[in-house]
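# Remarks on the overall topology
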Amino acid sequence: MPGGILLSDETGITYVNQITGNSVHDNALDCGITLASHPPSPQATSLLPYGVINNNVIGNSIIGNGLIGQGAGVGIYAPGPGNQAWGNQVIGM
């Protein structure tokens, strides 16, 4: 089953999270770890994206992700107008 670790901002700002010491492997269709800014959900109180800000991805084992899909080992995405993903760090994979 595809999937890894996801931080996103559909319902509120996602900030100052620590993703450390995980083993994320063999998610062939998806990223191992994804930090993604998206438009707010219809239930959200904001009309603008909240943001994925100042999160740390440190010392994880990330192997064999995204090999047959559109994923990556670690992906940081802000694909649309107004999406925000900044100040995030990826260290020591």
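The text that follows walks through the structure, step by step, so that each part is easy to find. (Residues numbered from 1 in each chain as written. Predicted model: local features only at pLDDT ≥ 70, side-chain atom pairs only at ≥ 80, totals over all residues. Heavy atoms only, no water.)

### Comments concerning the side chain of Asn-83
Among the structural elements, Asn-83 can be located in the loop between strand E9 (74-77) and strand E10 (85-86). Within the local environment of Asn-83, its side chain forms a polar contact with the backbone nitrogen of Gly-80, the two atoms lying 2.5 Å apart. (Helix = DSSP H or I, 4+ residues; strand = E, 2+ residues; numbered from the N terminus. Polar contact = N/O pair within 3.5 Å; in protein donor to acceptor, adjacent residues only side chain to side chain.)

### Let's talk about the environment of His-38
Mapped onto the fold, His-38 is located in the loop between strand E5 (33-36) and strand E6 (52-53). In this structure His-38 comes out as partly exposed when scored by relative accessible area, which is 26%. If near-sequence neighbours (up to four positions away) are discounted, His-38 is found in contact with Ser-8, Asp-9, Glu-10, Pro-49 and Asn-83. A distance of 2.5 Å separates the side chain of His-38 from the side chain of Glu-10, its partner in a polar contact. (Buried < 20%, exposed > 50% of the residue type's maximum accessible area, 1.4 Å probe, protein only. Contact = heavy atoms within 4.5 Å.)

### Quick look at the nonpolar core
Counting residues in hydrophobic clusters, the biggest one holds eight residues: Leu-7, Ile-19, Val-24, Ile-33, Leu-35, Val-52, Val-57 and Ile-62. Ignoring any residue separated from it by four or fewer positions in sequence, one finds Ile-33 in contact with Ile-5, Ile-19, Val-24, Val-57, Asn-60, Ile-62, Gly-73, Val-74 and Gly-75. (Core = buried A, V, L, I, M, F, W, Y, C linked by side-chain atoms within 4.5 Å.)

### Some words on unusual backbone geometry
The phi torsion at Asp-26 lies on the positive side, around 60°, for a residue other than glycine. Counting through the fold element by element, Asp-26 comes out in the loop between strand E4 (23-25) and E5. Looking at Asp-26, the relative accessible area reads 56%, which means it is exposed. Backbone geometry at Asn-54 places phi at a positive 55°, although glycine is not the residue there.

### Focus on the side chain of Asn-65
Considering the arrangement of structural elements, one finds Asn-65 in the loop between strand E8 (61-63) and E9. A relative accessible area of 8% means that Asn-65 is categorised as buried. Within the structure, the side chain of Asn-65 is placed 3.2 Å from the backbone oxygen of Val-24, a separation counted as a polar contact. Within the structure, Asn-65 has its side chain in polar contact with the backbone oxygen of Ile-63 (distance 3.4 Å). Once you skip the residues sitting within four places of it in the chain, Asn-65 turns out to touch Val-24, His-25, Asp-26, Asn-27, Asp-30, Cys-31, Gly-32, Ala-72 and Gly-73.

Without other data, these values stay purely geometric and don't point to any function.
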